[in-house]
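# Observations on the three-dimensional arrangement
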Amino acid sequence: MGTTLNDTPSANRTHIAFFGRMNSGKSSLLNALAGQDISIVSDVGGTTTDLVKKPMEIHGIGPCVLVDTAGFDDSGTLGDSRVARAKQAAQLADLAVLVFAADVQAAASDTAKPQNAFAEEKRWYELLRKSDTPVIFVLNKTDQNGQAARQAERIAAELGQMPLLVSALTRAGVADLKAALVSAAAQQMERTARLITGNLAGKGDTVLLVMPQDIQAPRGRLILPQVQTLRELLDKKCLTVCTTTDQMEQALAVLKEPPKLIITDSQVFPAVYEKKPPQSRLTSFSTLFAAYKGDIDYYVQGAREIAALTEQDCVLIAECCTHAPLDEDIGRVKLPRLLRKKIGEGLKVELVSGTDFPHDLSPYRLVIQCGACMFNRKYVMARVNAAKSQQVPMTNYGVAIAYLSGILDKIEWDSAREQSERPKK
């Protein structure tokens, strides 16, 4: 059976999020762009109560996720929660569509003072730009207001960008929106293109993947980082050999020359390091993804902060996926055990999963982020930047385990084109 559209993981899709006031027509616009009813549409404000995500494919962009958000002028206890979800969408959005309404109600804002008419939209525009997210302005419901062009000029005058004139109802301007998204996505991809294995291996190089098939490995499948890394190596025309930890020596024996690179699971770093040929470079899937999706330099600095931890400190372990705990779970069992073995049994360790990442990081002396295969880079970097702004050290599963195993200085991490190269020893 061939692959389907839904086989592309969400983390590998371009996230396109729609923001705007209640009843600005975000949901109708998203439905018009997708060509199907994804979000519930109603004249009642506040119909969208949580993030609505639709995986699809747009020609020129490829696999993407359309994200509908609650109106940012929602109020009350539930409204505040909905707005918080919209802010979460702003953290993960690769592209944003800021929707203004040109209906009769919006036209009434002509009586407002010019500098206040679009105050909320301006605030969200600045929030998105601060996170380096390309933003496309759309003036929706133009079929309901003969003064839409005049309103568009006011938006341009106040916010510095002319909106596209669109009607989700009649589909007028939807093709222009799609073309604008394709153009913005192409520019963003060119600017932020990254590779998992970077310059560690190229065409014709032999790469050995040592992948333990333990309790955490899904039956009959490889985990996502392994699949993505393997696919990239095949695309690079590398000579790729896969084996389990217990078969590593036999795999090396059948090779005419030592592999240029060995990639393994961070849990078995010490065992693989002892067996690897001196000529072969060593890294882990988690370390590769630390550079691919996060800030590897900050993670390495954070790992070295482990030496300064005491039993009075608290460490936060942040998983991206939500799964049933396993007997030898890395985040819940192995990392806490390794940390307490080094620091002492009194060390406090807290764990969060999914999107439950605390806004206030001051209670924590260190944050340890997982490999983040389920999140896009945009969202991971939002966490990194939050830690940096609060001056809290942060590291990654693989980097932390390499440090605790005593081999951090012996592995490779210059694995993405946009990362600075590893300092020479």
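Located above this text is the structure these notes cover.
Scope of this entry: the structure provided in the associated data block. Every value quoted in this text rests on a predicted model; they were computed, and no experiment measured them.

### Considering the sheet that holds strand β12 (residues 348-352)
- Taken in spatial order, the four strands make up an open sheet running β12-β11-β13-β14, and their pairing is parallel. Strands with a single pairing partner mark the edges of an open sheet, and in this sheet they are β12 and β14 (394-396). The sheet shows a mean angle of 25° between the axes of neighbouring strands, taken without regard to direction.
- Across three bridges, the pairing between strand β13 (residues 366-369) and β14 is parallel. Paired with Gln369 across the strands is Asn396, a residue of β14.
- Set on the sheet, helix α14 (residues 397-404) makes contact with β11 (314-318), β13 and β14; between it and β14 the angle comes to about 90°.

### As for the sheet that holds strand β9 (residues 261-264)
- What the four strands build is an open sheet, ordered β8-β7-β9-β10; its pairing is parallel. Only two strands of the sheet have a single neighbouring strand rather than two, namely β8 (239-243) and β10 (281-284). On average, each strand axis in the sheet is tilted by 20° relative to the strand beside it, whichever way the strands run.
- Judged from the four bridges that link them, strand β7 (residues 206-210) and β9 form a sheet pairing that is parallel. Within β9, the residue paired with Leu209 across the bridge is Ile263.
- Set on the sheet, helix α7 (residues 224-235) makes contact with β7, β8 and β9; between it and β8 the angle comes to about 155°.

### A few points about helix α11 (residues 296-304)
- When α11 is considered as a whole, its buried residues turn out to be Ile296, Tyr298, Tyr299, Val300, Gly302 and Ala303.
- The N-terminus of α11 is capped by Asp295, whose side-chain oxygen sits 3.2 Å from the backbone nitrogen of Asp297.

### Let's talk about the nonpolar core
- Counting 85 residues, the largest nonpolar core has Phe19, Ile306, Leu335 and Ile368 as its most contacted members.
- Among the elements that line this core, the one with the most residues is α14, at seven residues.
- Among all residues touching Ile368, those that are not within four sequence positions of it are Val315, Leu316, Ile317, Ala318, Leu335, Leu339, Thr395, Asn396, Tyr397 and Ala400.

### Looking at the packing of helix α1 (residues 26-34) against helix α6 (residues 174-192)
- Packing of α1 against α6 leaves a shortest axis separation of 10 Å and a crossing angle of 80°. By the criterion of interaxial angle, the relationship of α1 to α6 is roughly perpendicular. Of the residues in α6, those touching α1 at Leu29, Ala32 and Leu33 are Val174, Leu177, Lys178 and Leu181.
- The class makeup of the residues in the contact of α1 with α6 is six nonpolar, no polar and one charged.

Rules behind the numbers
- Residues numbered from 1 in each chain as written.
- Predicted model: local features only at pLDDT ≥ 70, side-chain atom pairs only at ≥ 80, totals over all residues.
- Heavy atoms only, no water.
- Pairing = 2+ DSSP bridges.
- Helix = DSSP H or I, 4+ residues; strand = E, 2+ residues; numbered from the N terminus.
- Axes fitted to C-alpha atoms, helices over the stretch in contact; angles between N-to-C directions.
- Contact = heavy atoms within 4.5 Å.
- Buried < 20%, exposed > 50% of the residue type's maximum accessible area, 1.4 Å probe, protein only.
- Polar contact = N/O pair within 3.5 Å; in protein donor to acceptor, adjacent residues only side chain to side chain.
- Core = buried A, V, L, I, M, F, W, Y, C linked by side-chain atoms within 4.5 Å.
- Parallel < 35°, antiparallel > 145°, perpendicular 65-115°, else oblique.
- Nonpolar A, V, L, I, M, F, W, Y, C, P; charged D, E, K, R; others polar.

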